[in-house]
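Structural description and commentary
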Amino acid sequence: MQKITFGTDGFRGIIADNFTFANVTRIAAGIAGYLRVAQPAARQSGVIVGYDRRFLSDVFAERVARELSRSGIPVFLSKSPVPTPAVSCYIRKHRLPSGIIVTASHNPGLFNGIKIKNEFGASAGQEVTTMVEQLTE
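Residues numbered from 1 in each chain as written. Predicted model: local features only at pLDDT ≥ 70, side-chain atom pairs only at ≥ 80, totals over all residues. Heavy atoms only, no water.

Digging into the pattern of salt bridges
Our working definition: Salt bridge, as used here: a side-chain nitrogen of Lys or Arg that lies within 4 Å of a carboxyl oxygen of Asp or Glu. Numbering goes from the N terminus for both helices and strands, where a helix is a DSSP run of H or I of at least four residues and a strand is a run of E of at least two. The cut-offs for exposure are 20% and 50% of the maximum accessible area for each residue type, with area from a 1.4 Å probe on protein chains only; residues under the lower value are buried, those over the upper are exposed, and the others partly exposed.
The full count for this structure, using the stated rule, is four salt bridges. The closest approach of N and O atoms between Glu137 and Lys3, which form a salt bridge, is 3.3 Å. Taken as a pair, Glu137 in the segment after α5 (126–135) and Lys3 in the segment before β1 (11–14) lie far apart in primary sequence, 134 residues in all. Residue classification places Lys3 among the exposed residues on the basis of a relative accessible area of 52%. Measuring nitrogen to oxygen at the nearest pair gives 3.3 Å for the salt bridge that ties Asp52 to Arg54.

What to know about the pairing of strand β2 (residues 47–51)
Note the following rule: Here the term right-handed applies to a crossover when the path leading from its first strand over the helix to its second strand runs clockwise, the strands being oriented away from the viewer. DSSP calls a pair of strands paired once it identifies at least 2 bridges connecting them.
β2 sits mainly inside the fold: five of its five residues count as buried. In this view, the connection linking β2 to its parallel neighbour strand β3 (residues 75–77) by way of helix α3 (residues 57–70) has right-handed handedness. Where β2 meets strand β4 (residues 99–102), four bridges bridge the pair, whose relative direction is parallel. Looking across to β4, one finds that Gly50 is bridged to Ile101.

Some details on the nonpolar core
Defined as follows: Within this scheme, the nonpolar core is defined by two criteria: the residues are buried Ala, Val, Leu, Ile, Met, Phe, Trp, Tyr or Cys, and they are joined through side-chain atoms within 4.5 Å. Every residue pair with non-hydrogen atoms within 4.5 Å of one another is taken to be in contact.
Ile31, Leu35, Val64, Leu68, Ile100 and Ile114 are the most contacted members of the largest nonpolar core, which totals 27 residues. Broken down by element, this core gets its largest block of residues, seven residues, from helix α1 (residues 21–38). If near-sequence neighbours (up to four positions away) are discounted, Leu35 is found in contact with Pro40, Ala42, Val47, Leu68, Ile73 and Ser98.

Looking at unusual backbone geometry
If a residue is not glycine, its phi is most likely negative; likewise, a peptide bond is most likely trans. In this model, Arg95 sits at a positive phi of 55°, which is unusual for a non-glycine residue. Looking at the element boundaries, Arg95 is found in the loop between α4 (84–94) and β4. Taking relative accessible area as the criterion, Arg95 reaches 76% and is therefore assigned exposed. Phi is positive for Ser105, which is not a glycine, with a value near 55°. By the element assignment, Ser105 lies in the loop between β4 and β5 (111–117). Residue classification places Ser105 among the partly exposed residues on the basis of a relative accessible area of 29%.

Re the environment of Leu77
Looking at where Leu77 falls in the secondary structure, it is placed in strand β3. Taking C-alpha positions, Leu77 is 9.5 Å from Asp58, a pair spaced 19 residues apart along the chain. Leave out the neighbours within four places in its chain, and Leu77 touches Val49, Ala61, Glu62 and Ala65.

A look at the pairing of β5
Looking down a regular strand, the side chains alternate between one sheet face and the other. Burial analysis of β5 places six of its seven residues in the buried class, which makes it a mostly covered element. Judged from the four bridges that link them, β1 and β5 form a sheet pairing that is antiparallel. Its bridge partner lying in β5, Phe11 is registered against Ile114. Note: β4 against β5, four bridges, orientation antiparallel. Each bridged residue has a counterpart across the sheet, and for Ile101 the counterpart in β5 is Lys115.

The structure is reproduced here in structure tokens:
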């Protein structure tokens, strides 16, 4: 089993190499575990899950949403591709404790990724990503 490691502003990998459905499911389960422990309000308010136009981003986002839902966390899944700042704005507008976007930002098209956003719509800090990494082991 591959070790999940978050870098600057998220987890990124090459699609079908280390950015796989299995790893996305593990990451989503880790995020759900983090939310249950550190952000219990997420079970009431829910979180937003968005995605960009990259190959299979919508399907990966559905996988993230399904895993969060299985953990008792309501999910607002974007109906179409959105830019990362739209997820951040949604978090702030609806006062959500967190959000996730499936995107690899500026990386080449072979890549995809997952970014975790905090209650301010900003990138989750290292303490959050470290906990998510630990929960994927």
